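Chain residues, written in single-letter form:
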Amino acid sequence: MEEAETAPLIAKTVVRRSTSSPWFEKLSVDAGIDTLVQHFGYRLLVMLFASQHLMKGFAASFTLPCTQFLYASYKVAGPQIQIFSGVTQLPWAMKPVIGLVSDALPIGGYHKAPYILMASVFGVIACASVGGVSQDHLSIGRLVGCIFLLQLQFSTCDLLTEARYAEKMQSKPEHGPALMTFVWFGLQVGTLSATVFLGPVLKHCGPKVPFVIALLPVASVVIPVARNFLEEIPKSPTQVAAARRRLFEQKEACILCFIMFLGTTMLTYMGIAYESVRLNAVASLAVAAVLLVAFSVLLKPIIAKVTAFFLLQTSLGISISGASFYFYTDSPEQYPEGPHFSQEFYTSVLGTAGSICSLVGICTYQHYASRWTYRGLLLLSNVALSLLSVTDIVLFTRLNVRLGLPDHAFVLGASVLSSVVMQWMWMPGVVLLSQLCPKGMEATMYALLAGCHNFGNTVASNMGAWALELLNCQPSGLPRESEQFDRLWVGSALSTVLPMLTLLLLPWLIPDARQTDKLLDESERDATAGSLWKRWTACPSTGAR
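Residues numbered from 1 in each chain as written. Predicted model: local features only at pLDDT ≥ 70, side-chain atom pairs only at ≥ 80, totals over all residues. Heavy atoms only, no water.

In the annotation of an unreviewed UniProt entry, the chain is listed under the name Folate/biopterin transporter and assigned to Pyrodinium bahamense. Under the Sequence similarities (unreviewed entry) heading, UniProt states for the chain: "Belongs to the major facilitator superfamily. Folate-biopterin transporter (TC 2.A.71) family." Quoted straight from UniProt, the Subcellular location (unreviewed entry) entry for the chain says "Membrane". (UniProt positions renumbered as here; feature names shortened; annotations may be inferred.)

Below is the structure:
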């Protein structure tokens with residue numbers, strides 16, 4: 001009976017004992033992997049290695065920087081690049097409907113594995129199309145569609161594996177930071193490996209070949225999922241009906257999933273069909289306002305407040321990456337006063353330095369900051385990151401050149417410090433979201449929380465594109481476009497200052513707790529208990545029946 005409950009989806013797993021070398025055993029103990037295996041099991045770690053380290057770490061980092069060079073080959077202007085980037089980020093905001101469907105409609109009794117496998121099929125086909133189909137036969141709309149499908153695979157695998165380790169972390173919260181360190185340290189190692197090789201590949205082979213190389217890590221998740229390394233126990237029809245009934249009893253959470261699905265679908269269509277930057281920006285802002293009100297009214301106060309904080313902070317951090325890409329990479333003919341970074345420096349050197357320092361950030365977080373309060377760490381990391389972002393303003397005004405500071409050294413130094421601080425800001429957010437998932441609906445709730453946070457990135461991208469358009473900063477790689485960068489520093493200043501405003505809300509929106517504290521009791525299965533909506537609609541008095 002026990003064997004049937006954990007049987008793999010495709011073939012039965014035969015467990016073989018293998019002998020490990022003393023060196024490997026010592027490495028496992030020193031890295032803390034031995035302890036993680038004891039508390040969480042080796043199957044979960046292998047699953048996270050495939051989905052987080054290989055796919056999200058290596059494959060995503062190997063392909064994502066190439067998209068900007070692909071858009072540049074189509075001569076897409078900077079603001080429009082950001083609209084397309086906003087569209088391809090939307091699968092990360094679609095996590096709620098993915099989580100809801102996986103929770104409510106298991107296939108063969110399995111909630112997660114079949115959906116990962118289906119998304120992987122689309123992802124592999126899309127990755128092969130970008131890498132193998134020539135530009136003459138792949139329109140810009142189809143290119144954006146393929147990147148969207150690839151990101152849909154990444155987001156689906158990311159969500160459902162995150163939901164699995166969220167379940168594990170809730171049962172053993174004292175080991176939660178250690179598991180998070182394993183996930184994000186490995187992710188950064190994968191990112192580091194990708195960025196080291198990406199520059200030379202781009203230089204000698206162009207921006208399409210990386211998608212061909214990424215096919216193997218993109219498909220690597222299939223085998224452990226098919227062999228049930230998620231350790232899912234198939235549900236009987238009775239269990240499925242009971243779980244579905246409990247899920248739909250929380251109508252508010254389902255309504256939020258539906259609202260996010262409608263909003264992201266609308267923005268996906270508009271981003272591809274309409275070229276108007278202003279229209280896309282206003283639409284994304286309107287959807288964000290609806291989501292902010294809906295989440296604040298329908299969810300349990302502690303969950304609603306945290307969601308509001310991260311949605312506001314990510315939305316206010318407007319992106320100017322479409323224009324800054326051309327600022328860094330334009331040739332002397334296109335932008336004589338520019339830094340003229342090569343593809344290798346822009347991708348491999350900066351990426352490698354950032355990845356190494358992200359690893360440093362994760363290690364220092366685990367040793368020094370994993371037991372800090374959420375408020376204290378978010379305050380310190382946000383202030384530090386905003387101060388470091390001032391270096392972008394110095395660079396865009398070319399003040400560093402007038403001070404005799406070389407562009408390459410200046411950008412490299414700022415990137416190194418920012419990467420460390422960003423990990424200190426990101427890690428407590430992930431732990432906080434994991435702790436706010438009520439037992440029994442982890443996938444749906446993690447999807448809502450992370451999806452709303454990720455939706456803020458699309459808002460930031462679209463609003464940044466509109467800001468660039470208003471500032472008349474619309475480079476596209478054409479000759480003699482220096483005037484397009486005259487006011488780029490203004491956009492950078494806005495993206496630095498605006499997120500700082502959310503720090504004023506820390507005492508009201510972020511719980512005064514340490515990262516190792518439990519925020520929800522085991523008995524709390526209702527994500528909407530005590531919400532504003534339930535208080536408004538509650539009967540003034542109740543009597544016995």
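There is more to say, and it comes next.
Turning to the packing of aromatic side chains, a few remarks are in order. Within the structure shown, the criterion is met by 18 aromatic pairs. For the ring pair tyrosine 71 and phenylalanine 84, a centre distance of 5.7 Å and an interplane angle of 45 degrees mean the geometry is tilted. Of this pair, tyrosine 71 sits in helix α4 (residues 42–73) while phenylalanine 84 sits in helix α5 (residues 78–93); the two residues are 13 residues apart in sequence, bridging distant segments of the chain. No difference in accessibility class separates tyrosine 71 from phenylalanine 84, as the two residues are buried. Ring centres 5.7 Å apart and planes at 75 degrees place the aromatic pair phenylalanine 327 and phenylalanine 485 in the edge-to-face group. One end of the pair, phenylalanine 327, is in helix α17 (residues 321–329); the other, phenylalanine 485, is in the loop between α22 (442–470) and α23 (488–497), and 158 residues separate them in sequence. Per residue, the accessibility class of phenylalanine 327 equals that of phenylalanine 485, and both read buried. Here the aromatic residues Phe69, Phe325, Tyr326, Phe327, Tyr328, Tyr335, Phe341, Phe345, Tyr346, Phe396 and Phe485 are joined through ring pairs into a cluster of three or more. (Phe/Tyr/Trp six-rings, centres within 6.5 Å; stacked < 30°, edge-to-face > 60°. Helix = DSSP H or I, 4+ residues; strand = E, 2+ residues; numbered from the N terminus. Buried < 20%, exposed > 50% of the residue type's maximum accessible area, 1.4 Å probe, protein only.)

Bringing helix α6 (residues 95–104) into the picture now. By the criterion of burial, α6 is predominantly enclosed, with eight of the 10 residues buried. Among all positions of α6, only Lys95, Pro96, Ile98, Gly99, Leu100, Ser102, Asp103 and Ala104 are buried.

Tallied over the full model, the rule gives four salt bridges. Of the charged contacts, one joins lysine 56 and aspartate 158 as a salt bridge, the two residues approaching to 3.1 Å between their closest N and O atoms. With lysine 56 in helix α4 and aspartate 158 in helix α8 (residues 140–171), this pair connects stretches of sequence that are 102 residues apart. Each of the two residues, lysine 56 as well as aspartate 158, counts as buried. Salt-bridge contacts for lysine 203 lead to glutamate 344; the nearest nitrogen and oxygen are separated by 3.3 Å. Taken as a pair, lysine 203 in helix α9 (residues 176–205) and glutamate 344 in helix α18 (residues 343–369) lie far apart in primary sequence, 141 residues in all. Judged by relative accessible area, which is 52%, lysine 203 ranks as exposed. Judged by relative accessible area, glutamate 344 falls into the partly exposed class, the value being 27%. One network of salt bridges, in which partners are shared, links Lys56, Lys95 and Asp158. (Salt bridge = Lys/Arg side-chain N within 4 Å of Asp/Glu carboxyl O.)

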